[in-house]
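# Summary of the model geometry
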Amino acid sequence: MHQIPQDNAKRRLIEPEQLAAVADYMLSHGYGLDDIPVQLARYYYVDLDLLNDILYRAATPTAFPEYTGQDLRQVA
C-alpha cells in the first residue's frame, strides 16, 4: 500500500526575521501580545522562546524620556 504525503503538515517558523515580521504584522492588525503565540502555534511549529523574546522587545519602550533635575523638582 502506498503512503499518501501529508499536505496539511505544519511549516516551521523559527527564523528571527520571520517571527519579527509576523509579530509586527499581527500587532498592527489588533492582536494582543498574549494572542500571537496561540494563533501562530495553530498553524506553524514556532520557536516559542524566540517568539517570546521578540514580543518582549516589542512591548518594551526603546527609549526612555530623559528627565532633567528641573523636571523632577516639578513632580515633587
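Details of the structure are given in the entry above.
What this report covers is the structure whose coordinates are included nearby. Note that the structure is predicted; figures quoted are calculated from it, not measured.

The rules behind the values
Residues numbered from 1 in each chain as written. Predicted model: local features only at pLDDT ≥ 70, side-chain atom pairs only at ≥ 80, totals over all residues. Heavy atoms only, no water. Core = buried A, V, L, I, M, F, W, Y, C linked by side-chain atoms within 4.5 Å. Buried < 20%, exposed > 50% of the residue type's maximum accessible area, 1.4 Å probe, protein only. Helix = DSSP H or I, 4+ residues; strand = E, 2+ residues; numbered from the N terminus. Contact = heavy atoms within 4.5 Å. Phe/Tyr/Trp six-rings, centres within 6.5 Å; stacked < 30°, edge-to-face > 60°. Lys NZ or Arg CZ within 6 Å of the ring centre and 35° of its normal. Axes fitted to C-alpha atoms, helices over the stretch in contact; angles between N-to-C directions. Left-handed = near helix turned anticlockwise from the far one by under 90°. Expected span 1.5 Å × (residues − 1). Arc of directions from axis to C-beta. Salt bridge = Lys/Arg side-chain N within 4 Å of Asp/Glu carboxyl O.

## Some points on the nonpolar core
In this structure, Leu13, Leu19, Ala23, Met26, Ile36, Leu40, Val46, Leu50, Leu51, Ile54 and Leu55 together form the largest nonpolar core, which totals 11 residues. Those elements giving two or more residues to this core turn out to be helix H1 (16-28), helix H2 (35-43) and helix H3 (48-59). Among all residues touching leucine 13, those that are not within four sequence positions of it are Gln18, Leu19, Val22, Leu40, Tyr44, Tyr45, Val46 and Asp47.

## With respect to the packing of aromatic side chains
This structure, assessed with the given rule, holds zero aromatic pairs. One Lys or Arg, lysine 10, reaches over the ring of tyrosine 45 and ends 5.4 Å from the middle of that ring.

## What to know about the packing of H1 against H2
Close contact between H1 and H2 brings their axes to 11 Å; oriented N to C, the two are set at 120°. The two elements H1 and H2 cross, and the hand of that crossing is right-handed. Between H1 and H2, the residues in contact are Val22, Ala23, Met26 and Leu27 and Ile36, Gln39 and Leu40, respectively.

## Structural notes on H3
Here H3 spans 16 Å end to end across 12 residues, near enough to the 16 Å set by a 1.5 Å rise per residue. Within the sequence span of H3, burial applies to Leu50, Leu51, Ile54 and Leu55. Angularly, the buried residues of H3 cover 130° about the axis, an arc narrow enough to put them on a single face. Away from its buried face by more than 90 degrees, H3 exposes Asp49 and Tyr56. In this structure, the buried residues of H3 make contact with H1, H2 and strand E2 (44-46).

## Describing the pattern of salt bridges
With the rule as written, the count across this model stands at one salt bridge. Taking the shortest distance from any N to any O, the salt bridge between aspartate 53 and arginine 57 comes out at 3.4 Å. Note that aspartate 53 and arginine 57 are positioned in helix H3 at a spacing of four residues, about one turn of the helix.

## Considering H1
For H1, which comprises 13 residues, the first-to-last C-alpha distance of 18 Å matches the rise-based estimate of 18 Å (1.5 Å per residue) to within 8%. Within H1 the residues assigned to the buried category are Leu19, Ala23 and Met26. The buried residues of H1 occupy one face: seen down the axis, they fall within an arc of 70°. Seen from the buried face of H1, the exposed residues on the opposite side, beyond 90 degrees, are Glu17, Tyr25 and Ser28.

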